[in-house]
Amino acid sequence: EHDISVIRALPKVELHLHLEGAAPPAFIRGMAKEKSVRLDNVFAPDGSYDFRDFGHFLQVYEAATSVLASPEDYARLTLAMLEQSAENGVIYSETFISPDFCGGGDLSAWKEYLQAMREASEEAGKSLGITLRGVVTCIRHFGPDKARRAAMCAAETAGDWIVGFGMGGDEARGSQRDFAYSFDMAREAGLKLTSHAGEWRGPREVEEAVRDLGVSRVGHGVRAIEDPRLVDNLVEKQIVLEVCPGSNVMLGVYPNLGAHPIEKLRERGVKVTISTDDPPFFHTSMADEYEQLARTHGWDAARFAEIARTSADAAFCDEDTRAGIL
Ligand code: ES4
Ligand code: ZN
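Residues numbered from 1 in each chain as written. Chains lettered and ligands numbered in written order. Predicted model: local features only at pLDDT ≥ 70, side-chain atom pairs only at ≥ 80, totals over all residues.

(A) Inspection of the pairing of strand 3 (residues 131-139) at higher detail. Counting buried positions over the nine residues of strand 3 gives nine, a clear majority of the element. Of the two faces of strand 3, the one lined by Thr131, Arg133, Val135, Thr137 and Ile139 and the one lined by Leu132, Gly134, Val136 and Cys138 are each fully buried. Pairing geometry for strand 2 (residues 90-97) and strand 3, over six bridges, is parallel. Looking across to strand 3, one finds that Thr95 is bridged to Gly134. Here strand 3 pairs with strand 4 (residues 162-168) via six bridges, running parallel. What sits directly across from Val135, in strand 4, is Gly164. In this fold, the crossover linking strand 3 to strand 4 by way of helix 6 (residues 144-157) has right-handed handedness. (Buried ≥ 20, exposed ≤ 12 C-beta atoms within 10 Å, placed from the backbone. Helix = DSSP H or I, 4+ residues; strand = E, 2+ residues; numbered from the N terminus. Pairing = 2+ DSSP bridges. Right-handed = clockwise from strand over helix to strand, strands pointing away.)

Right, dumping it as structure tokens:
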């Protein structure tokens, strides 16, 4: 069934979504205008985000994000993001939030930003029928010192809304193990763990995220397919991959969805889930991802139900919340 309205209505669980990366270009333009901030080299002539490659994407992302400068701005962004997710049939979502972007890593400011996002999610979530939880993320290319501050923010606010700690940013810099102290701090605070790995670097990076940081989920992780023994290990340990096929194709990790390893990973028994990463940047949505998978790999409603089940089981929220998802 490739009918987009049917696909839109399927109940979905999204585990890998960067909050700022969910800001539509028009939202960022509106904020910039309100604040009389000039944003150069962020938008293409057609109004979409403009970037050449992953490094440039991170620069454009940070420039766009720089207009978000108050808890109120983040509350509005949270609402805009939830509206889009709800339109796509998402019923539970976890979003990556970075204290480096909101609050500058300062704990007291972070608490105000967090409060604003949480309130927005609880208000809007009810009317939109979507439950949101936050995963605090450090940014790998900002280095281990900033990561420790992010982990401190995460540990101080860990609870029923901040449920995890993760790492995004440029996988080509440093190593997973440089961030072990931060991940240990987060684990001790009761947070569940995930890290971007195996998108820009190969299978070793995925192995290291699991071994050196002790993550139970991996952001992307798709290049694990290059090492059959690692694949066996992921299956055995029941590590969950947060796969973002549209993001991978848009950024050139794979030339097209047919060449993407998601179906091979799934057939090998790896727990795969589907997410959008940064939907307006990558011109995608949860419904688009589903539609492409239906088209390219023949995924049907039963398969999508199985994926949603895997995703709900892998959610970082408490058991009561999980039991209410599907
Ligand atoms: C990312 Cl730090 C960050 N933000 C948004 N998307 C990303 N992908 C990888 N790192
Ligand atoms: Zn990501």
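Next, the rest of the story.
(B) Quick peek at the packing of helix 4 (residues 71-87) against helix 5 (residues 107-128). Where helix 4 meets helix 5, the closest approach of the two axes is 8 Å, and the angle between their N-to-C directions is 30 degrees. By the angle between their axes, helix 4 is roughly parallel relative to helix 5. Both helix 4 and helix 5 take part in a crossing whose hand is right-handed. Residues Pro71, Glu72, Tyr74, Ala75, Thr78, Leu79, Leu82, Glu83 and Ala86 of helix 4 pack against Glu112, Tyr113, Gln115, Ala116, Met117, Glu119, Ala120, Ser121, Ala124, Gly125 and Leu128 of helix 5. Here the residues of the contact of helix 4 with helix 5 sort into twelve nonpolar, four polar and four charged. (Axes fitted to C-alpha atoms, helices over the stretch in contact; angles between N-to-C directions. Parallel < 35°, antiparallel > 145°, perpendicular 65-115°, else oblique. Left-handed = near helix turned anticlockwise from the far one by under 90°. Contact = placed C-beta atoms within 7 Å. Nonpolar A, V, L, I, M, F, W, Y, C, P; charged D, E, K, R; others polar.)

(C) Focus on the domain arrangement of the chain. If you check the domain split of the chain, you get domain 1 (4-23 + 71-323) and domain 2 (24-67). On a C-alpha basis, the centres of domain 1 and domain 2 stand 22 Å from each other. On the domain 2 side, the residues contacting the eleven residues of domain 1 number twelve residues. Among the residues forming the side of domain 1 that touches domain 2, the class breakdown is seven nonpolar, one polar and three charged. (Domains from an automatic or database assignment.)

(D) Examining the sheet that holds strand 3 more closely. Strand order in the open sheet formed by eight strands is 1-2-3-4-5-6-7-8, with parallel pairing between adjacent strands. Each edge of the open sheet carries a strand with a single partner, namely strand 1 (12-18) and strand 8 (271-274). Here the strands of the sheet are splayed against their neighbours by 25 degrees on average, with no regard to which way each runs. Examined bridge by bridge, strand 1 and strand 2 share five bridges and lie parallel to one another.

(E) Representation of helix 3 (residues 54-65) within the structure. Here helix 3 contains twelve residues, and its C-alpha end-to-end distance of 16 Å stays within 8% of the 16 Å for a straight helix at 1.5 Å per residue. Where helix 3 is concerned, the buried positions are Phe57, Tyr61, Ala64 and Thr65. On an axial view of helix 3, the arc spanned by its buried residues comes to 95 degrees, and they lie on one face. Where helix 3 is buried, its residues contact helix 2 (25-34). (Expected span 1.5 Å × (residues − 1). Arc of directions from axis to C-beta.)

(F) Geometry of the nonpolar core. In terms of nonpolar packing, the biggest core is built from 92 residues, with Tyr74, Met117, Val136, Ala154, Phe165, Leu241 and Ala315 touching the most fellow members. Looking at this core, the element that brings in the most residues is helix 5, giving six residues. Composition of this core by domain shows at least three residues from each of domain 1 (4-23 + 71-323) and domain 2 (24-67). Excluding residues that lie within four positions of it along the chain, Leu241 makes contacts with Val218, Gly221, Val222, Leu265, Val270, Lys271, Val272 and Thr273. (Core = buried A, V, L, I, M, F, W, Y, C linked by C-beta atoms within 7 Å.)

(G) Structural detail: the packing of helix 5 against helix 6. Packing of helix 5 against helix 6 brings their axes to within 10 Å, and their N-to-C directions diverge by 55 degrees. By the angle between their axes, helix 5 is oblique relative to helix 6. The two elements helix 5 and helix 6 meet at a crossing, and its hand is right-handed. Along the contact surface, helix 5 presents Leu107, Trp110, Lys111 and Leu114, while helix 6 presents Met152, Cys153, Glu156 and Thr157. Here the contact of helix 5 with helix 6 is built from residues that sort into five nonpolar, one polar and two charged.

(H) Just the site of ligand 1, in detail. Looking at ligand 1, the residues that line it are His18, Gly21, Tyr61, Ile139, Gly168, Gly169, His196, Asp277 and Asp278. Here the shell around ligand 1 is composed, by residue class, of two nonpolar, five polar and two charged. (Near = placed C-beta within 6 Å.)

(I) View of unusual backbone geometry. In this structure, Ser36 is a non-glycine residue whose phi angle is positive, near 50 degrees. On the basis of neighbour count, Ser36 is assigned to the exposed category, with 6 C-beta atoms found within 10 Å. Its identity is not glycine, yet Asp277 carries a phi of approximately 75 degrees, on the positive side. Relative to the assigned elements, Asp277 resides in the loop between strand 8 and helix 12 (286-297).

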